[in-house]
Amino acid sequence: MTGSGDLSHVFLTSHTVYQLVNASCSFSQAWHYCQSRFSSLTVLGQPDDEDGTKQLFNQANMRGPIWVRISNSLAPTSTLTLSKQNVLLSALSFTGDSPDCHARARAFFPPLASASTCARVQFDARHESVSTLFSYATRALTNEFQLRARADETRRRVLLAPIVHGRHHAYRASFPNDARWHHVCVTWRKSDGLWAVYVDGEKGEWGVGTEPSRDMHGHGIFILGQDQDSFGGNFTEPFVGNITDVNFWDVTLDDEQIRRLEDCTSPLEPKPLFSWQELNLTLHEVKEVAAVMQCPGLLKQKQREQEDCRVLDSWTRAVAQYSTTLCSHTLPFICKTSKDRYVKKKELEESQSAHPSPFLQHLMMHGVNTGDVLGMPDADESWESVTHLLNVSEQYLRGSREQLESRDFPSLVQMLSRATELPTTGNQSLTAARLLSHSFIGLADMLISQENADKWQAIREVISGPMAVVHTIDRMVTNLSPLLLGDTDSVQIHFNNIRMQVQEKTVSESTGGSEFCSSDWINNTDLDCISVPPQSMQELHNNGFGKVTVLSTWYSSLKPLMNKEENITVIPTITDGSLKYMGTVLGSSVISSAVVGDGQLISLGVQFKLQHRTQNTSGMFYNPICAFWDFSLTPEDGGRWSTEGCEVISLQQDSTSCYCNHTTNFALLLQIYDVQWSQENEKGLQILSFIGCGVSLCGLIFTFILFIAVGVPKSDRTTVHKNLIVALAVAQLLLIFSYWASANQELCLLVTALLHFFFLSSFCWMLVEGLLLWSKVVSVNISEDRRMRFYYALGWGLPLFIVAVTLMVSLNKYKAEQHCWLNTESDIIWAFVGPVLFVLAVNTVVLCRVVVVTVSSARRRAKMLAPSSASKPHTLDLTWAATRPVLILLPVLGLTWLCGILVHLSVVLAYLFIALNAFQGLYIFLVYAVYNSEVQNAIKRIQEKRKALSFTNCSQPISFLPSQKTPGASWADSLPTPSSPESSGSSHITNSTSSSLIFKNESFGTDSFVNFSLKPAAGNQVVQLMAFKPSAC
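Read on for an overview of the structure. (Residues numbered from 1 in each chain as written. Predicted model: local features only at pLDDT ≥ 70, side-chain atom pairs only at ≥ 80, totals over all residues. Heavy atoms only, no water.)

## Focus: the overall build of the chain
The test is simple: Under the scheme used here, helices are H or I runs from DSSP no shorter than 4 residues and strands are E runs no shorter than 2 residues, and both carry numbers assigned from the N terminus. Buried means the residue's accessible area, taken with a 1.4 Å probe over protein chains only, is under 20% of the maximum for its type, while exposed means over 50%, and partly exposed covers the values in between. Only the protein chains shown count as cover for residues, and the accessible areas themselves come from Shrake-Rupley with a 1.4 Å probe.
Counting secondary structure elements, the chain contains 22 helices and 41 strands. Scored against the burial criterion, the 1033 residues of the chain give a buried share of 48%. For the chain, the computed accessible surface area is about 49,900 Å², with 54% contributed by carbon and sulfur atoms.

## What to know about the sheet that holds strand E35 (residues 646-651)
Using the following cut-off: Strands pair, by our definition, only if DSSP identifies at least two bridges between them. Each axis is a line fitted through C-alpha atoms, and for a helix only the stretch in contact is used; angles between axes span 0 to 180 degrees, taken between their N-to-C directions.
In spatial order, the strands read E26-E27-E32-E36-E35; together these five strands make up an open sheet with antiparallel pairing. Both edges of this open sheet fall to strand E26 (514-518) and E35, since each of them pairs with a single strand only. Going across the sheet, the axis of each strand differs from the next one's by a mean of 15 degrees, ignoring polarity. With six bridges connecting them, strand E32 (residues 606-611) and strand E36 (residues 655-660) associate as antiparallel partners. Looking at the pairing, Gln607 lines up with Tyr659 of E36.

## Focus: the environment of Phe409
Worth spelling out the cut-off: Note on contacts: a residue pair qualifies if any of its non-hydrogen atoms lie within 4.5 Å across the two residues.
For Phe409, the location among the structural elements is in helix H9 (residues 409-420). By relative accessible area, Phe409 is classed as buried at 0%. With 43 residues separating them in the primary sequence, Phe409 and Asn452 have C-alpha atoms 9.9 Å apart. If near-sequence neighbours (up to four positions away) are discounted, Phe409 is found in contact with Leu404, Leu447, Asn452, Lys455, Trp456 and Ile463.

## What about the state of the cysteines?
The line we're drawing: Note that a disulfide, as used here, is simply two cysteine sulfur atoms within 2.5 Å.
For the structure shown, the criterion picks out seven disulfides. Shown here is the disulfide that connects Cys34 with Cys335, its sulfur atoms set 1.9 Å apart. Between Cys34 and Cys335, the S-S dihedral sits near -80 degrees, and the bridge is therefore left-handed. With Cys34 in helix H1 (residues 27-36) and Cys335 in strand E23 (residues 331-338), this residue pair connects regions lying 301 residues apart in the sequence. One disulfide in the model links Cys626 with Cys658; its S-S distance is 1.9 Å. The chirality of the disulfide connecting Cys626 with Cys658 is left-handed, given an S-S dihedral of about -75 degrees. One end of the pair, Cys626, is in strand E33 (residues 620-630); the other, Cys658, is in strand E36, with 32 residues separating them in the sequence. Accessibility classification places Cys626 together with Cys658 in one group, the buried group. Here Cys25 stays unpaired: no disulfide links it, and the sulfur of Cys34, its closest cysteine neighbor, is 8.8 Å away.

## Overview of helix H15 (residues 716-741)
The criterion, for reference: By definition here, a helix of n residues has an expected span of 1.5 Å times n minus one. Think of it this way: the bend at a residue is just the angle between two axes, each fitted to seven residues, one set ending at that residue and the other starting at it.
End to end, H15 covers 36 Å across 26 residues, agreeing with the expected 38 Å (1.5 Å per residue, within 8%). Where H15 bends most, the angle comes to about 25 degrees, and this point is Leu735.

## Some thoughts on the environment of Leu44
Within the fold, Leu44 resides in the loop between strand E3 (40-41) and helix H2 (47-60). On the basis of relative accessibility, which here comes to 26%, the residue Leu44 falls in the partly exposed class. Between the alpha carbons of Leu44 and Tyr322 there is a distance of 8.0 Å; along the sequence they are 278 residues apart. Once residues within four sequence positions are removed from consideration, Leu44 is found in contact with Val68, Arg69, Arg310 and Tyr322.

## Looking at the packing of H9 against helix H10 (residues 430-447)
Keep this limit in mind: We call two directions roughly parallel when the angle between them is under 35 degrees, roughly antiparallel when it is over 145, roughly perpendicular when it lies between 65 and 115, and oblique otherwise. Each crossing is labelled by how the near helix is turned from the far one, with a counterclockwise turn of less than a right angle marking it left-handed and a clockwise turn marking it right-handed. Polar here means any residue outside two lists: the nonpolar Ala, Val, Leu, Ile, Met, Phe, Trp, Tyr, Cys and Pro, and the charged Asp, Glu, Lys and Arg; Gly therefore counts as polar.
For the pair H9 and H10, interaxial distance at closest approach is 11 Å and the crossing angle is 155 degrees. When the axis of H9 is compared with that of H10, the two are roughly antiparallel. As for how H9 packs across H10, the hand of that crossing is left-handed. On H10, the residues that touch Phe409, Leu412, Met415, Leu416, Ala419 and Thr420 of H9 are Phe440, Leu443, Ala444 and Leu447. Split into classes, the residues belonging to the contact of H9 with H10 amount to nine nonpolar, one polar and no charged.

## Observations regarding the pattern of salt bridges
Under the convention used in this document: The salt bridge definition used is simple: a Lys or Arg side-chain nitrogen within 4 Å of an Asp or Glu carboxyl oxygen.
Enumeration over the complete set of coordinates arrives at 16 salt bridges. Its salt-bridge partner being Arg126, residue Asp124 comes within 3.2 Å of it at the nearest N-O pair. By relative accessible area, Asp124 is classed as buried at 18%. For Arg126, a relative accessible area of 72% gives the class exposed. Salt-bridge contacts for Asp255 lead to Lys203; the nearest nitrogen and oxygen are separated by 4.0 Å. Residue Asp255 is found in helix H3 (residues 255-263), and its partner Lys203 is found in strand E16 (residues 202-208); the two are separated by 52 residues along the sequence. Where salt bridges share partners, they join Arg37, Lys345 and Glu349 into one cluster.

## Here we look at the packing of H10 against helix H12 (residues 467-484)
For any two helices packed against each other, the geometry is given by the interaxial angle and the distance between the axes. Packing of H10 against H12 leaves a shortest axis separation of 10 Å and a crossing angle of 165 degrees. With respect to H12, the element H10 is oriented roughly antiparallel. The way H10 lies across H12 gives a crossing that is left-handed. When H10 is examined against H12, the residues Leu430, Ala433, Arg434, Leu436, Ser437, Phe440, Ile441, Ala444 and Leu447 are found in contact with a partner set consisting of Val469, Thr472, Ile473, Met476, Leu480, Leu483 and Leu484.

## Regarding the packing of aromatic side chains
As a reminder, the rule being used: When the centres of two rings from Phe, Tyr and Trp lie within 6.5 Å, Trp using its six-membered ring, the rings pair. Their planes under 30 degrees apart give stacked, over 60 give edge-to-face, and anything left gives tilted.
What the rule picks out here adds up to 27 aromatic pairs. Ring centres of Phe758 and Trp796 lie 6.3 Å apart, and the angle between their planes is 80 degrees; on these two criteria the pair is classed as edge-to-face. Within this pair, whereas Phe758 is found in helix H16 (residues 745-777), its partner Trp796 is found in helix H17 (residues 784-809), the two being separated by 38 residues in sequence. A centroid spacing of 5.7 Å and a plane angle of 85 degrees characterise the contact between Trp765 and Tyr792, whose relative ring orientation is edge-to-face. Residue Trp765 is found in helix H16, and its partner Tyr792 is found in helix H17; the two are separated by 27 residues along the sequence. Taking the relative accessible area as the measure of exposure, Trp765 reaches 0% and is therefore buried. Through a chain of ring-to-ring contacts, three or more aromatic side chains come together here, namely Phe109, Phe134, Tyr136, Phe145, Phe222, Phe248 and Phe274.

## Examining the nonpolar core
Filter applied, for reference: Residues enter a nonpolar core if they are buried and are Ala, Val, Leu, Ile, Met, Phe, Trp, Tyr or Cys, with the set joined through side-chain atoms within 4.5 Å.
In terms of nonpolar packing, the biggest core is built from 66 residues, with Leu390, Ile441, Val469, Ile473, Leu558 and Trp641 touching the most fellow members. With nine residues, H12 is the single largest residue contributor to this core. Once residues lying within four places of it in the same chain are set aside, the contact partners of Val469 are Val413, Leu416, Ala444, Leu447, Ile448 and Trp456. Counting residues in hydrophobic clusters, the runner-up holds 49 residues, among them Val720, Leu724, Leu767 and Tyr814.

## With respect to a nonpolar patch on the surface
Spelled out, the test is: Within the patch definition used here, like charges are joined within 9 Å and nonpolar side chains (Val, Leu, Ile, Met, Phe, Trp, Tyr) within 5 Å, considering only residues with over 30% relative accessible area and no salt bridge.
Residues Phe737, Tyr739, Trp740, Leu747, Leu750 and Leu754 make up a contiguous nonpolar surface patch of about 560 Å² in total accessible area. For the nonpolar patch, the elements supplying multiple residues, two or more each, are H15 and H16. Structurally, the position occupied by Trp740 is in helix H15.

## Re the pairing of E16
Bridge count between strand E15 (residues 194-199) and E16: six bridges; the pairing is antiparallel. Among the inter-strand pairings, Val197 is bridged to a residue of E16, identified as Glu205. Count of turn residues in the E15/E16 antiparallel hairpin: two residues, of which Asp200 carries a positive phi of about 50 degrees.

Given below as structure tokens:
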């Protein structure tokens, strides 16, 4: 950075202040300077920022260019993310089990004046014979274009040789026979006959054809894994291994294009004739597998992206013009901040200038002026001056009885930020580096002391919090790490609130993980630890790193300085009704890890274990969440907490272990919940749930058994009853099992889905009950078979569809956190509530319509048969009999699940839900069994049959007195049939209100007769009587 920095050009809007820094800075310096002054760079393409920039350009009479940042972009730290090097592709596995295994491309090939074919191959090291990676054959020439391979056992390499126009070239290009993935390409062009073979992005062999050149014939067949001794067949040289990312172009790729392909950098133009992305292949005894491979170009692409930064050049016709330039160039820039922050900061600076604080007076006594503290960092600034400034400040704070004032904090944070910009390319000594780092950490340690909590709160309008100090420490350690180690492989710096370790690790195949631990000695807490696991270190080795530096830092005092929720936007994770969300606070120490390799930060997956810092407050529950501080979120405020990429590994009573897929500053956030249900309530609800579900399940099972045992006549009505009972019974059984399933997340998710399905099915079958009632009473326009198929689709198919769609759309938010039921805190609950409300509404309409129709028809029938007041009770009986099952069960189910949905609001609703749920089975047993006329009639028939059978076993038939009409015939033979004259309206039996049958009982003598009084039967019913003679009498 050069220039003193003219800060006189300022433009104010109603909410934002723009400040032009007319000094030459690199993009990184500009970014960090704005951040050190609690502001940020202007954003590319933002209209308000463009207007502010235009106003400042007019004030300063300048045109540009200036640095701008991309919205939500990361800080310029040149961090590499190794995990993004791995690419997952679909591959073909040629096992060699069959000599005919191959894959044929379904693509059209015109005559070709140029050709290029590239693929990634994994050669089977055990295969020794000649093999063909790919072959292009035409009817005119089968060996038109090929690439062959064979293993060289002595050199332990795989040799490659191309065939062009039938001419076999020498085996010269090669790659190691190490069973790893390798990128190979073959190119050819007609103009000069030039061909080339590329291996892993480098040209391995090339040549020029001597024969007259011509186009490759068109309409050919492209085969993977085989040669073609005849057009499309006669395979003799199979490839054994794996192939992926195969593409065929009708152009000749140059060296740079092939390197980009090998790097996985970007797709090429024009589009290939055959593209692997389309995977348009016919497979013959070839398996499709997944292949994970490394693409080193992703790292290079990341580096190139970080080397280019965006600038605003000028305006053309009132439109801002942007371009790209190297980040190392030096340009002016504009910082923007909120108006309130700017005004407060300006007041503090004017106050320090007019009436310096005791701390600033001490610095001035040692030759430090306010410009050295509040001014801009200078590229020519010496280590000695910065070290002197830090040392004087630290000594004053440690030895003086005067405490820091809140207005000193912005100056101290800016002082630390200036130290992070010191160049490390000179001949700085190990002693100077360690002295500077010791003074730096010592000063930062006193700044984040718990004694300064009230001062941090007072200055919050200017500095968002102590994470600004943490950010300067991260930058300082990264910048000085090459100078701190010297001849040692580990350096530690310990203060009361900050512990730091810089460790150099040699990376090899056998390298273990790197762990750093620390604890609060004063409060005698257990260890907080962070580690780079062995698999992450192995990933470094696989990417070619030999040595890396692991930087670890532990901060013990940040919790009381950050106990507010301004920087926390984490949503509640517990969604059941037993807890009420109160807020989220920092609940642990802050621990950080960074890995530096080849001068750049490398982001790796890390594990950490932190102790909880909770208060023993009765009635409160604390749920720990793994989080990290993201400086790129709201950079004007210094960042905020985020949970992206972090997850809980294990949870203990006083500690939590986490895994995050990147390196930064980590902590545990504690979500605070007010316990709505006590342990006694929870236990009581659980016991009552078991009892209630058991009672309900028994009632449903008894009802279903009764339907089967008594032989209720089959009908669509009884079928619907049975399906409803089955759905509710399975749901009750799952509800009992859900208490044990909650301990296993996968099993709990399955139980939740099944509960969702079967409870939805029970309501859908209730809807079927209503529709069936409608079809019987209001509108009959569909056959019974078609109607039952529709009912089955509605009762079972619709719930299955709803559950499947809900799972596909929002699997992660489907289940509640603590219980096996739907997430009531999200919109997922409407996948149950919506259908339930629909069923209740439709059945209410059906019931109202059925009652109206039944009453009106019953009244008409009563008037026709017996127009008297006695018909009114009969009308009510008919109406009640038709609507009783649905009318009783509908409010029972509806009221039960109204309480079930609102159970999280009150423990009273929880008890009411359990009670109503327990009576569901009992209600169904009473309505569908005890008071069901079909069941009652079936039971009566069974009772009468049993009485008749028992009487038959102990009796003999009694002969009747012969009829006077037909001598010698029995009385039964003399009964009138429906077609006989006796059954007509003039029949004596049917017309008389009572009649007598007299027959002779032979067991009492010839003159003994028995007289039976008969009543007329309705309609043409045939009455059969049988008498028996007791055999034992």
